[in-house]
Amino acid sequence: MHRNDGVCFTSSSFKIPVPSPSQTLASPLSRARHSLFQLLHSLRNRSLPPTTSTHSPLLCCASLSLTAQTYDLVNAPLLCSASLSLSQPNPPDSTQSGSEVPQKGQSTTAGRYDEERVLISEVLVRNKDGEELERKDLEMEALTALKACRANSALTVREVQEDVHRIIDSGYFSSCMPVAVDTRDGIRLVFQVEPNQEFHGLVCEGANVLPSKFLEDAFREGHGKVVNLKRLDEVINSINGWYMERGLFGLVSGVDIFSGGIIRLQVAEAEVNNISIRFLDRKTGEPTKGKTKPETILRQLTTKKGQVYSMLQGKRDVDTVSTMGLMADVSIIPQPAGDAGKVDLVMNVVERPSGGFSAGGGISSGITSGPLSGLIGSFAYSHRNLFGRNQKLNISLERGQIDSIFRINYTDPWIEGDDKRTSRTIIIQNSRTPGTLVHGNQHDNSSLSIGRVTAGIEFSRPLRPKWSGTAGLIFQHAGARDEKGNPIIKDFYGSPLTASGKPYDDMLVAKFECVYTGSGDQGSSMFAFNMEQGLPVMPEWLFFNRVNARARKGVEIGPTRLLLSLSGGKVVGSFSPHEAFAIGGTNSVRGYEEGAVGSGRSYVVGSSEVSFPM
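Counting from 1, residues in each chain are numbered in the order their sequence is written. Where local features are concerned, this predicted model is filtered to residues with pLDDT of at least 70; where side-chain atom pairs are given and counted, the filter is 80 or more; whole-chain, interface and lining totals use all residues. Based on all heavy atoms of the structure, the side-chain values leave hydrogens and waters out of the count.

Draft legend 1. Structural detail: the overall build of the protein. Broken down by element type, the protein carries ten helices and 29 strands. A 1.4 Å probe rolled over the protein chains alone gives each residue an accessible area, and that area as a share of the maximum for its type sets the label: buried under 20%, exposed over 50%, partly exposed in between. Across the 614 residues in the protein, those meeting the buried criterion constitute 39%. The long-range fraction of contacts in the protein, counting pairs at least 24 apart against all pairs at least 6 apart in sequence, stands at 59%. Each accessible area is a Shrake-Rupley result for a 1.4 Å probe, and residues are judged covered by the shown protein chains and nothing else. Of the roughly 33700 Å² of accessible surface on the protein, a fraction of 55% belongs to carbon and sulfur atoms. Put simply, DSSP H or I for four residues or longer makes a helix, DSSP E for two residues or longer makes a strand, and each gets a number counted from the N terminus. Should any heavy atoms of two residues lie within 4.5 Å, those residues are considered in contact.

Structure representation (structure tokens):
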């Protein structure tokens, strides 16, 4: 902002005063009414003996005060009040001559004085010394603001009082003093005004997050011009609006205009002083002792001490704690801190039950033979908050007519001491799955299953917004079995079922995966790249490289949604036949069974779907 060398930004601590209820417009306005009543009374008694000079000026004064109601951190308008009083010097015995309105009964005559009119012969606008204003445009602003006070007009106290407020409300004047002079031509009413200074610089204190460019743009047009309080009020409202739009606790708490045209803005930003966790009972809602360690919750929060509190950021923190799966209800309550301009945050949480047993059963459509065709049973134990650190343990067993799976899964969603939000997962699994997915149905109607024993560890962390990465090391011992569970190395057609020629293949796989996820809704954009490398630590262990990529894009076309997907992969080296890419099923080609289209070392599948509401 050129020519604005006087602009500087500073940060300082301050206290926000709360106006007392007595600081209202009622008191100064009542005093102004009483003084004007005295004016009317003295004018009615102009024919009394000359104990009072008829040419003595009727003195009147008005004061302007600007206050910001800082107890409302959301909307604090700049209030302007003016007090008006008129008086005429009286001799010591004036009370005996009847030139002063008696105090008793004053309230009963207020309405009468309020409606009595005095003829005004001339209306002028002058400076506080009674001289003409140097700037005629400001004189015209004041005359234009007048509504009732015109030459050769009969005015009441209320009308003069309202015009004083209109001059102040124009925003160009810091004070307005109406002076009534009794001349032989009649009453001359002079509004003695004091124009505001020209704006030449800005000092802003306490604005730590408010951009300096925002302030420069707000004050640029007023540089070198007379300060207009209405325009200044609009700028203050725009600053308060900037904080409100971003959910920040901040506002302009004070405005000062110094000599030389320097405006000082004092901004109050509520900094976070302390964050505490309060556990509530699920039934009574009363405070109770929680099982989760407070630091496990606090590390999930992006709001930190010393920051200006943001309600939007607080809402995101509430959502983050809710996604941990430990809490039935989460809320943040801001409370005033002991230090002025700071706030304490109390997060109320209601814990869910941390774990338990479950059992169930079902029917699989993939198995249709036998007396208990397709029957599946399951049993599981889970604990979602081990040691109060949100660590999860799942032990599950599923058993069917042919397939079965036993799994132990331990997950630490955030390794202690890591600032990158790295998670760790340990897996131990023993499974038996139908081999028809890759090898198809045997000619003699015999069943073929693949047995796997797997153990591994994986580490995952967010790379950037919507991107995550996973790296791990997995060992697998796998082979084919017949209906009786005996290991076999060739199928009915004499094709090998293992890569090593032994009943089982052993492999140590280094895994890397990178995933992009859009909104997470069904049909949103998604991209995943996966690479696995077999490490021949032992001579008989398999050595191979496998890559796989999947992409999905959803496009809204009116009420319909077009979903495009593309996937492909390739394997190089020696690998087990049952690890081949299988095409078919709901995840690749709809209308076919899993693996019914084909399987092999390489594949590319593209598809498009259109969905619309019924």
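Draft legend 2. Expanded view of helix α7 (residues 229–245). One less than the residue count of a helix, multiplied by 1.5 Å, gives the span that helix is expected to have. Here α7 contains 17 residues, and its C-alpha end-to-end distance of 24 Å stays within 8% of the 24 Å for a straight helix at 1.5 Å per residue. For α7, the full list of buried residues reads L229, L232, D233, V235, I236, I239, N240, G241, W242 and Y243. Where α7 ends, the next residue or the one after it, G247, has phi of about 70 degrees, a positive value.

Draft legend 3. Main features of the packing of aromatic side chains. The aromatic pairing rule takes the rings of Phe, Tyr and Trp, using the six-membered ring of Trp, and pairs them if the centres are within 6.5 Å, calling planes under 30 degrees apart stacked, those over 60 edge-to-face and the rest tilted. Here the structure, examined in full by the defined rule, presents nine aromatic pairs. Between F357 and Y381, the ring centres sit 4.8 Å apart and the planes meet at 45 degrees, which makes this aromatic pair tilted. Taken together, the residues F357 in strand β15 (residues 355–363) and Y381 in strand β16 (residues 375–386) connect sequence positions 24 residues apart.

Draft legend 4. Highlighting the packing of helix α6 (residues 212–219) against α7. Orientation is described by lines fitted to C-alpha atoms, with helices fitted over the stretch in contact, and by angles between N-to-C directions that extend from 0 to 180 degrees. Where α6 contacts α7, the two axes come as close as 10 Å, and the packing angle between them is 155 degrees. One element, α6, and the other, α7, form an angle in the roughly antiparallel class. The interaxial crossing formed by α6 with α7 has right-handed handedness. Along the contact surface, α6 presents F214, L215, A218 and F219, while α7 presents R231, L232, V235, S238, I239 and W242. Residue polarity is assigned by list, with Asp, Glu, Lys and Arg as charged and Ala, Val, Leu, Ile, Met, Phe, Trp, Tyr, Cys and Pro as nonpolar; anything else, Gly included, falls into the polar class. In the contact of α6 with α7, the residues fall into eight nonpolar, one polar and one charged. These descriptions rest on fixed angle ranges, namely under 35 degrees for roughly parallel, over 145 for roughly antiparallel, 65 to 115 for roughly perpendicular, and the rest for oblique. We call a crossing left-handed when the near helix sits turned anticlockwise from the far one by less than a right angle, and right-handed when that turn is clockwise.

Draft legend 5. Broad picture of the pairing of strand β19 (residues 423–434). Between any two strands, pairing holds if DSSP finds at least two bridges. Summarising the sheet, strand β18 (residues 404–412) and β19 pair through nine bridges and their orientation is antiparallel. Bridge pairing links R407 to Q429 in β19.

Draft legend 6. Region of the structure containing the side chain of N530. Checked against the element boundaries, N530 lands in strand β24 (residues 526–534). Taking relative accessible area as the criterion, N530 reaches 11% and is therefore assigned buried. Not counting the four nearest positions on each side in its chain, N530 is found in contact with K511, F512, E513, R546, V547 and N548.

Draft legend 7. Representation of the sheet that holds strand β5 (residues 153–155). Judged by pairing direction, the sheet is mixed, and its four strands sit side by side in the order β5-β4-β7-β6 without closing on themselves. Looking at which strands have only one partner, the edges of the open sheet turn out to be β5 and β6 (173–183). Going across the sheet, the axis of each strand differs from the next one's by a mean of 45 degrees, ignoring polarity. By the bridge criterion, three bridges tie strand β4 (residues 118–126) to β5 in an arrangement that is antiparallel. Bridging across to β5, I120 finds its partner in S153. The strands touched by helix α5 (residues 157–169) are β5, β6 and β7 (186–195); relative to β6, the strand with the most contacts, the crossing angle is about 145 degrees.

Draft legend 8. Geometry of unusual backbone geometry. Backbone geometry places F387, a non-glycine residue, at a positive phi of 60 degrees. Assignment of secondary structure puts F387 in the loop between β16 and β17 (391–399). Even without glycine at this site, R421 takes up a positive phi of about 60 degrees.

Draft legend 9. The arrangement of a nonpolar patch on the surface in detail. Patch definition: residues above 30% relative accessible area lacking any salt bridge, with like charges linked at up to 9 Å and the nonpolar side chains Val, Leu, Ile, Met, Phe, Trp and Tyr linked at up to 5 Å. Any carboxyl oxygen of Asp or Glu within 4 Å of a side-chain nitrogen of Lys or Arg constitutes a salt bridge here. Among the surface-exposed residues, F357, F379, I395, L397 and F406 lie close enough to one another that they form a single nonpolar patch of about 480 Å² accessible area. Position of F379 among the secondary structure elements: in strand β16.

Draft legend 10. Broad picture of the side chain of E159. With respect to the secondary-structure elements, E159 resides in helix α5. When sequence neighbours within four positions are dropped, the list of residues in contact with E159 reads R117, A148, C149 and A154.

Draft legend 11. A look at the environment of F279. Along the chain, F279 falls in strand β11 (residues 271–280). Taking the C-alpha atoms as reference, F279 lies 5.6 Å from G290; in sequence the two are eleven residues apart. Apart from the residues lying within four places of it in its own chain, the contact partners of F279 are E286, P287, T288, K289, G290, T292, I297, V349 and E351.

Draft legend 12. Examining the confidence of the model for the protein more closely. Residue-level confidence of the predictor is what pLDDT reports, using numbers from 0 through 100. In the predicted model, the protein carries a mean pLDDT of 80, and 78% of its residues have values of at least 70. Note on residues 1–40: pLDDT under 50 across the span, and 75 contacts to partners over four residues away in sequence or across chains.

Draft legend 13. View of the state of the cysteines. Disulfides are defined as pairs of cysteine sulfur atoms found within 2.5 Å of each other. Evaluated as defined, the whole model comprises zero disulfides. This cysteine, C149, is not joined by any disulfide, and C176 carries the nearest cysteine sulfur, 9.4 Å off. Overall, C149 belongs to the buried group, its relative accessible area being 1%.

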